[in-house]
Amino acid sequence: MGLIMSNKGDRFVDLAEVARVAVPRPTDTYCPVAHEAFITLVMEKADENLGLGVPQRQEFGLAQNGQQLFFCLTWDSKKYSDYGFSIAGRNSYNMTLSAGMAGGGNVGACSNLMLWGDKFKVLRKHTANVWADLPILIGETLRSAVAVEDDMQAHFAAMRQVEMTEVQGHAMLGMALGAKVLRPQQATVAFKAWDEDWHDAGRSHYGLLQAMTEGTKKGSAGRAVRAHTGVYGYMLDATSEHARVHPQTIDAEVVAALTRTLPALAA
């Protein structure tokens, strides 16, 4: 979703203006994290650990006379998400916010203090050792995200090989609505996305996941992230059950990769 500046006096700025905000002095118990330095660190660690290079889009916002920073960095690369990859972040000089970032295909930062991401979220208080910890914490988080993404690619590969008819998709959407995996408004969008195959993903579990994901975009940001996680789990459970009962319909190497991420399948 990106960056949202929602309060009077908040403003979108460029990186040069971010850098002009005076950094407060440290104390025995407080160590400031310079806004510009934090953004630079996140970009460097994203390139170092994910190989993403320079973000294609960079959004920066300041609130409370520059004492609060919000930002969103977006890469168009589909390497880690069908929707590209983004990192949203926030920071403060007045001790109202921890330094934080969240990443994935669906992320956002808002000056109402919300920070979300469908892959990970990291927060670190401005204590004396913050600058010693931040590079390690960010690097470890991004490396973990890569491992999770590898698992997700195995899941997607299996989902793509579970073919289904349009009517079977309707039935699964109806069950998702009944189980409250999707809310009514979300289900309406998902049905339309499935019928029209908005993502050219085909008639498969993967195609249905993409349609349901379109539905999860309806509603508040926090609710959208929870809904996205719910539909992913719903489709993964369905695909796992199909692989358990009908393994011959999926390539052996795809079943093996799926089993690696879901050991219960091998039981």
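Predicted model, so just to flag it, every value in this text is computed and none were measured.

One non-glycine residue, leucine 113, lies in positive phi territory at about 90°. Mapped onto the elements of the fold, leucine 113 is located in the loop between strand S7 (107-110) and strand S8 (115-117). Its identity as a non-glycine residue notwithstanding, lysine 180 has a phi of 65°, on the positive side. When you line up the elements, lysine 180 lands in the loop between helix H4 (166-178) and helix H5 (184-196). Residue classification places lysine 180 among the exposed residues on the basis of a relative accessible area of 72%.

Counting residues in each nonpolar core, the largest one holds 32 residues, and the members touching the most others are Phe38, Val42, Phe71, Ile87, Met101, Leu134 and Ile138. Going through the elements one at a time, helix H2 (35-50), strand S3 (57-63), strand S4 (68-75), strand S5 (85-92), strand S6 (99-104), strand S9 (120-124) and helix H3 (130-160) are the ones with two or more residues in this core. Sort the elements by how many residues they give to this core and H2 lands first, with seven residues. Judged by nonpolar contacts, the second largest core, of 30 residues, contains Val162, Leu209, Met212 and Tyr232.

This part takes up the pattern of salt bridges. A complete count under the given rule lists eight salt bridges for this structure. In this structure, arginine 57 and aspartate 76 form a salt bridge, with 2.9 Å as the shortest nitrogen-oxygen distance. One end of the pair, arginine 57, is in strand S3; the other, aspartate 76, is in the loop between S4 and S5, with 19 residues separating them in the sequence. The exposure class of arginine 57 is partly exposed, given its relative accessible area of 45%. The shortest N-O distance in the salt bridge between arginine 260 and aspartate 151 comes to 3.2 Å. Here aspartate 151 lies in helix H3 and arginine 260 lies in helix H8 (residues 252-261), a separation of 109 residues in the sequence.

Attention now moves to the sheet that holds strand S2 (residues 11-13). Pairing in this open sheet of six strands is antiparallel, and the strands run S2-S3-S4-S5-S6-S9 from one edge to the other. In this open sheet, the two edge strands, each paired with only one partner strand, are S2 and S9. Neighbour-to-neighbour, the strand axes of the sheet open up by a mean angle of 15°, direction not taken into account. Pairing analysis gives seven bridges linking S3 to S4, with the strands arranged antiparallel. Directly across from glycine 61, in S4, lies its bridge partner phenylalanine 70.

This next bit is on the sheet that holds S8. Reading across the sheet, the three strands line up as S1-S7-S8 and stay open at both edges, with mixed pairing between neighbours. Both edges of this open sheet fall to strand S1 (2-4) and S8, since each of them pairs with a single strand only. Shown here is a sheet whose adjacent strand axes are inclined to one another by a mean of 10°, direction ignored. Bridge count for S1 against S7 is three bridges, and the pairing is parallel. When the sheet's bridge partners are listed, leucine 3 is paired in S7 with alanine 109.

Moving on to the packing of H5 against helix H6 (residues 205-216). Close contact between H5 and H6 brings their axes to 7 Å; oriented N to C, the two are set at 140°. One element, H5, and the other, H6, form an angle in the oblique class. The interaxial crossing formed by H5 with H6 has right-handed handedness. Seen from H5, the contacting residues are Gln186, Val189, Ala190, Ala193 and Trp194; seen from H6, they are Gly207, Leu208, Ala211, Met212, Glu214, Gly215 and Thr216.

Definitions and limits used
Every chain begins its residue count from 1, and numbering advances along the sequence as written. Residue-level local features of this predicted model are given only where pLDDT is at least 70; pairs of side-chain atoms are given and counted only at 80 or more, and the full residue set underlies all totals for whole chains, interfaces and linings. Side-chain figures throughout are based on the complete set of non-hydrogen atoms in the structure, without hydrogens or water. Only DSSP runs of H or I covering at least 4 residues are called helices, and only runs of E covering at least 2 are called strands; the numbering of each starts at the N terminus. Relative accessibility under 20% of the residue-type maximum defines a buried residue, over 50% an exposed one, and the middle range a partly exposed one, all with a 1.4 Å probe and only protein chains included. Joining through side-chain atoms within 4.5 Å is the link that ties buried Ala, Val, Leu, Ile, Met, Phe, Trp, Tyr and Cys residues into a set, and such a set is a nonpolar core. For salt bridges, the criterion is a side-chain nitrogen of Lys or Arg within 4 Å of an Asp or Glu carboxyl oxygen. DSSP-based pairing: two strands are paired if at least 2 bridges between them are found. Every axis in this analysis is a line fitted to C-alpha atoms, fitted for helices over the stretch in contact. Angles between the N-to-C directions lie between 0 and 180 degrees. Angle categories: roughly parallel below 35 degrees, roughly antiparallel above 145, roughly perpendicular from 65 to 115, and oblique for all the rest. The handedness criterion is simple: a crossing whose near helix is rotated anticlockwise from the far helix by less than a right angle is left-handed, and one whose near helix is rotated clockwise is right-handed. Two residues qualify as a contact provided that any one of their heavy atoms is within 4.5 Å of a heavy atom in the partner residue.

By themselves, these are just geometric observations and shouldn't be taken as functional.
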